[in-house]
Structure formats: C-alpha cells, structure tokens
Amino acid sequence: MAKKNTNLVAIITMCFIFAMISFVTNMAAPFGNIWQVKFANAGMLGNLMNFTAYLFMGIPAGKMLMKIGYKKTTLIALAVGFIGVFVQWLSSKVGGDVFALVVYLLGAFICGFCVCMLNTVVNPMLNILGGGGNKGNQYIQIGGTMNSLAGTLTPFLVGILIGTVTDKTAMSDVAPLLFIAMAVFAIAFVIISLVKIPEPAQERKAVKYEASPWKFRHCVLGILAIFFYVGIEIGIPSQLNFFLSDPSGKGAFAAGTAGAAAIGGAIAAMYWLLMMVGRLCSSLISGKVSTRAQLITLSSLAILLIFLGIILPKTIMVSMPGYIAGQGFVMHRVPVTALLFVLCGLCTSVMWGAIFNLSVEGLGKYTEQASGIFMMMVVGGGIMPLIQDFIAKHVGYMASYWLVIAMLAYILYYALLGCKNVNKDIPVE
C-alpha cells in the first residue's frame, strides 16, 4: 500500500511538472507578436532560443539524472526556470528596443534549460511508473493532458493581455503573466522538495554500460521523429496565430482589424485545448489500444487535415470563438483553414508520448541516457518553426505548411516501420 501511495504522489507530481513545461514553452510564440512588429522576422526568435537550449542541455540533463537523481534535477530545473522568467520580465525594464530584445532572448534561452531538464525527468519517470509498454504510454498521455491544459491557457491569457498588437505594445503588457510564472516556480520548488520521488537511476549506479541508445535502430529513428514532431507541434499553432493576427493584411483579415491578436491567441489556444482532449482520450484507451496503432491513425489524419487546409481558399469561412477585451467571447468568421489546423491538435496530442514510448521500448538501463538525447532533439521545436516562418514570410502562410506535411510523413513512416526493435540481442538489464 505504501508503494502505491508513493507512486500516486509521484505520478501527480510528474503531471504537475508536465503542465509547467507547457506554460513556460507556450509563452514564446504569442510573445513573438510583440517583437515582430518592431523587428522583422523576430516573431519566432524567442521560440528558437527556448528550444536551442535543449541542444546544449539534453545530454547533460540525462547525465544529471544518473548522477544526482530525478528529484535534485527537478529542483535545479525549477530554480533555473525562475531565473529565466525573471530575466524576461527585466526586458520590459531596460531601455532601447534592441537591448530589450537581447535581454528577452536571454531569458527565453535560460527558460529552455529549465524545461529541458524537466522534460528529461518527467517522460522516463512516467514511463517507468507505468511499467513501460501501453501502460507507460498511458501515464505519459495523462501527464500530457495537463501539459495541454497549460498550453491552452497560455496563448489565451497572452492574447487577452495584448489585445491588438501595435508598435506601442511592450513586454510590460504581459508582466502579470510573468509574475504568475515566477510564483508557480517558487511554489513548485517548495512542493517538490517535500515530495518523495522514486530514483531508479540511482539504484542502477553500479551497472556497467556496454553500449548506448545509439546502438538501437528504433531509438535513433525515434530521436529524429521527436525532432520533427516538436517542430510540428509548435509550428502549426504558431503560424496559425501569426496568420490570424497579421496586422498587414497578408493573413486572414484585412489590415488593422481590431482585436486580431486576441482572436488569433484564442483560436490558437483551441489547438492546445484539443491536444488536451486528445491526450485525455488516449489516456483512457492506451491500456487497450496499441501505441503504434494510435500513431499510424493520427499521423495519417493530420496529413489529410493539413493538406485540405492548404488547398482550400481562405474565402471559405466558418465561425469560431475569439476573445476581445471589453466584449468577452464572441464568434468570428475565419477561414476554414483555421478550423482544420486547430483540429490537428487532436492528432498531435498523442505523438510525443507515443514516439517516446516506442523509442525507449526495450532499452532498460539505457533509458535515462536516451531521455537526455531525446531532449537534445527537442531543438527541432526551434529550428523547424523558424524555417516554416521563413517560408511563410517569403512565400506565404499556406506554403509553409508543406513543411509540416513532410515532417508528418516521416512520423507515419516511423509508426509503420521505423519503431520496430531490431537490436534485441543487446543486453539491457
């Protein structure tokens, strides 16, 4: 009974951390609406800095798990996250737009170290608590549900605080959200310091490592799949937000449309809301429906939805809810493309957990090392959306989504063939 209670506390703790990861990560794209008015192509720079940190911190975070354990790694990550958000807030207090941007990007980079360490902790821990396999995926999807809830609220709150983006909009307008983030980090630090967390890596300190995760073909292919997946997850709603918020008239609305940023933020938030719904549904069925079957089905559906969103003209309109300060929630006519892209949230919802689960299957003592490598590849969430943003700015918003289709096609390949473990002869105990 004591072990069950410990596991329950650990599961709840990991789910809370999963939510914090999304809260910090999803501030970058809507904050980009502030900076891109002042600096061309600056909209995704905060996002790039956030995810570039994974490239530097992924492997060290995996080593931290093995050396100091899950709990201490989490506490260090929370302290780093507090500092990162504080530095972002400082960008609203320094003079000069260029210097302020540099300070903001530094804060986003520091926050990237935080979320990388937290991700390195939470994914293997939930998989281990579930015993791997479908049950491990089920636990990851439960955590992912909380992740998506935070992801839903973040762009929505930023959209409300910003309203309509103008050349007068500044980081000081979103200071309340930054204060909330700092408070959450401080409270979480206290809570985690008091919670007992299992330390499987510490129990294996004497284990010899004859090989590495790089020796497992399905793990290597999964690492690339994670790189593309995070690019998809961030790219779809970020460009949708820009498409709907564009004040120049090149997006969904005419130039100068009142409340466009708030509408864009609210509709982008619906993408994360549907991710939450998808993960909740997956957490209910993953004990019976295989991870691989879910990944095949939903990657195929996502390709179809993106394809339709690209080819359908933006003159075909549908009504979707948006929020404008002083008016509350109101229905807005937006291109049907927005609805199709938002629906992709249901598809991408299971991909992170599914890819991670399939990639570490059968790795045993190499799981923590693999988790660190996976976190390094999350840099794809900075690189691929930046490439997509470049295409959007120079070719067009819809043209940029062909890149998303290409990445989804690779994930479909991984689900069909690449996830099979062909290196079962390597000892993992």
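Residues numbered from 1 in each chain as written. Predicted model: local features only at pLDDT ≥ 70, side-chain atom pairs only at ≥ 80, totals over all residues. Heavy atoms only, no water.

Novice: Run through the side chain of asparagine 119, naming residues and quoting values.
Specialist: Examined against the element boundaries, asparagine 119 turns out to sit in helix α5 (residues 97-129). Among the polar contacts listed, one links the side chain of asparagine 119 to the side chain of tyrosine 54, at a separation of 3.0 Å. For asparagine 119, the contacting residues outside a window of four places in its chain are Phe18, Ile21, Tyr54, Pro124, Trp352, Ser371 and Met375. (Helix = DSSP H or I, 4+ residues; strand = E, 2+ residues; numbered from the N terminus. Polar contact = N/O pair within 3.5 Å; in protein donor to acceptor, adjacent residues only side chain to side chain. Contact = heavy atoms within 4.5 Å.)

Novice: Give me the packing of helix α3 (residues 45-68) against helix α14 (residues 367-377): which residues, what numbers.
Specialist: Between α3 and α14, the shortest axis-to-axis distance is 6 Å and the interhelical angle comes to 165°. Between α3 and α14, the interaxial angle falls into the category roughly antiparallel. Where α3 crosses over α14, the handedness of that crossing is right-handed. In contact with Tyr54, Leu55, Gly58, Ile59, Gly62, Leu65 and Met66 of α3, α14 contributes Glu368, Gln369, Gly372, Ile373, Met375 and Met376. Considered class by class, the residues forming the contact of α3 with α14 number 8 nonpolar, 4 polar and 1 charged. (Axes fitted to C-alpha atoms, helices over the stretch in contact; angles between N-to-C directions. Parallel < 35°, antiparallel > 145°, perpendicular 65-115°, else oblique. Left-handed = near helix turned anticlockwise from the far one by under 90°. Nonpolar A, V, L, I, M, F, W, Y, C, P; charged D, E, K, R; others polar.)

Novice: Which residues make up the packing of aromatic side chains, and what values do they have?
Specialist: This model, assessed by the stated rule, comprises 13 aromatic pairs. Aromatic side chains phenylalanine 243 and tyrosine 397 sit 5.5 Å apart centroid to centroid with 65° between the ring planes, which places their arrangement in the edge-to-face category. Of this pair, phenylalanine 243 sits in helix α9 (residues 217-245) while tyrosine 397 sits in helix α16 (residues 397-418), and the two are 154 residues apart along the sequence. Using a relative accessible area of 5% as the deciding quantity, one classes phenylalanine 243 as buried. Taking relative accessible area as the criterion, tyrosine 397 reaches 10% and is therefore assigned buried. Clustering of aromatic rings is evident, with ring pairs tying together Phe227, Phe228, Tyr410 and Tyr413. (Phe/Tyr/Trp six-rings, centres within 6.5 Å; stacked < 30°, edge-to-face > 60°. Buried < 20%, exposed > 50% of the residue type's maximum accessible area, 1.4 Å probe, protein only.)

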